[in-house]
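# Structural overview
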Amino acid sequence: MPEIDLDEIVHRLRAAERVLITSHIAPDGDAVGAVLALSHVLEALHQPTVVCALEGCVPERYAWLPGADKIRKPEECAPPFDLAVIVDVAQLDRVGETAKLITEETSVIVLDHHLEKKPDGDLVAVDPAYAAAGELIVDLMDAAGVPLTRDIALCAYVALTTDTGSFKYSNTTVRSHQIAARLVATGLPVTEIARRVFDEMSQGRFRLLVRFVNSVTLLDGGRIAVGTLSAADLAECEAREEDTEGLINLAHNIRGVEVTMLFREVDDTTVKLSLRSREGLNSAEILSTLGGGGHTAAAGATLEMPLQQAMSVALRRVRESLAGQP
Ligand SMILES: [Mn+2]
């Protein structure tokens, strides 16, 4: 990993006048939280023109975050930007249509924590030791000498709690807790945040959850759990794409399961695969030959093939990885 030079990034942020901040398609809590936390840091730093853009809607459970109402769809934004900061993702082809707002005159800073060997961007801060991109933004805030505000804290806290599964996942570190303590000390209503982010769900999500649970099958003596959601499941449940977030963890909690796979059929030729793995198995590596990526414990891939074919291809890949395990 390249050495991270936060001071150089601060220098570039300070010099920029029109800044685009964006993240990956299908934004999760870390994407939305880190984008917004950075926008608040930038406004405190020197008040450039800041435009936050995301492809797709901000999931309802994050829509109450301060500044979320200012997040635009890419087609609503007017380039040029002299600087684009992409957070929680390191590849421009994963920010979707927003990438079109980045032109010749735009320099690109990448702030990410995924296992990414070839990040895009002119200036790159990618370090998988960060539990969340939001955690990296807090370090950047400190490097910039920007005081922690409640708005920054709220956004960074949601980023951190969602990407660590409330400080349960293996990416959680002492630093994650230390940063969380600083954020909470600004007076965050943690119970209320947890209810909004993790517990409360739409009826559509509840119906989808039931379908997902019923779809789960255990293979290979219970080492692999596989769940599927068809395009019809989403439609019939009146659920949205965002309603699938986190469902996979329900199956991954089954005792003895080492790898959990969720296949979500987008249409006849596109399947989104999510993968979770226990310690000793690298999810990102398992999916790397299928064009996917992510973290050690959690990764994803988009497979351009029908559901049945996607299942057999990915299952073969997982079994190869498990074959190397005791
Ligand atoms: Mn993240």
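Structure shown above.
Read on for a plain summary of the structure. (Residues numbered from 1 in each chain as written. Predicted model: local features only at pLDDT ≥ 70, side-chain atom pairs only at ≥ 80, totals over all residues. Heavy atoms only, no water.)

Bringing the coordination of the manganese ion into the picture now. The protein atoms that coordinate the manganese ion are Asp30 (OD), Asp88 (OD), His113 (NE2) and Asp163 (OD), at distances of 2.1 to 2.2 Å. Within one chain, the residues donating to the manganese ion are spaced in sequence as D-x57-D-x24-H-x49-D. Of the two residues, Asp30 is situated in helix H2 (residues 29-45) and Asp88 in the loop between strand S3 (83-87) and strand S4 (107-112); the sequence distance between them amounts to 58 residues. Of the residues examined, Asp30 reaches a relative accessible area of 0% and is grouped as buried. For Asp88, a relative accessible area of 1% corresponds to the buried category. (Donors = N, O, S within 2.8 Å, 3.2 Å for Na, K, Ca; no water. Helix = DSSP H or I, 4+ residues; strand = E, 2+ residues; numbered from the N terminus. Buried < 20%, exposed > 50% of the residue type's maximum accessible area, 1.4 Å probe, protein only.)

Here we have five strands laid out as an open sheet, ordered S2-S1-S3-S4-S5, and parallel in their pairing. Each end of this open sheet is capped by a strand with a single partner; those strands are strand S2 (49-53) and strand S5 (123-126). This sheet shows a mean twist of 15° between the axes of neighbouring strands, independent of strand direction. Here helix H3 (residues 133-144) sits on the sheet and contacts S3, S4 and S5; the angle it forms with S4, its principal contact strand, is near 115°. (Pairing = 2+ DSSP bridges. Axes fitted to C-alpha atoms, helices over the stretch in contact; angles between N-to-C directions. Contact = heavy atoms within 4.5 Å.)

Moving on to the sheet that holds strand S11 (residues 298-303). One open sheet accounts for six strands, arranged S6-S7-S8-S9-S11-S10; its pairing is mixed. Bordering the open sheet on either side are strand S6 (217-219) and strand S10 (293-294), each of which pairs with just one other strand. In this sheet, strand S9 (residues 270-277) lies alongside strand S8 (residues 259-267) in antiparallel orientation, the contact comprising eight bridges. Bridged to Val259 within S9 is Ser277. Sitting on the sheet, helix H11 (residues 307-323) is in contact with S6, strand S7 (224-229), S8, S9 and S11, with an inclination near 160° to S8.

A cluster of nonpolar residues, Met201, Phe206 and Val210, forms a patch on the protein surface that exposes about 260 Å² of accessible area. Following the sequence through the fold, Phe206 ends up in helix H7 (residues 203-215). According to the relative accessible area criterion, Phe206 is partly exposed, its value standing at 47%. (Patch = residues over 30% accessible without salt bridge, like charges linked within 9 Å, V, L, I, M, F, W, Y side chains within 5 Å. Areas by Shrake-Rupley, 256 points an atom, 1.4 Å probe, with all protein chains shown as cover. Salt bridge = Lys/Arg side-chain N within 4 Å of Asp/Glu carboxyl O.)

For a regular strand, the rule is simple: side chains alternate between the two faces of the sheet. S3 sits mainly inside the fold: five of its five residues count as buried. Covered by surrounding structure in S3 are Leu83, Val85 and Val87 together with Ala84 and Ile86, the residues of both alternating faces. Relative to S4, S3 is paired through five bridges, and the arrangement is parallel. Each bridged residue has a counterpart across the sheet, and for Val87 the counterpart in S4 is Leu111.

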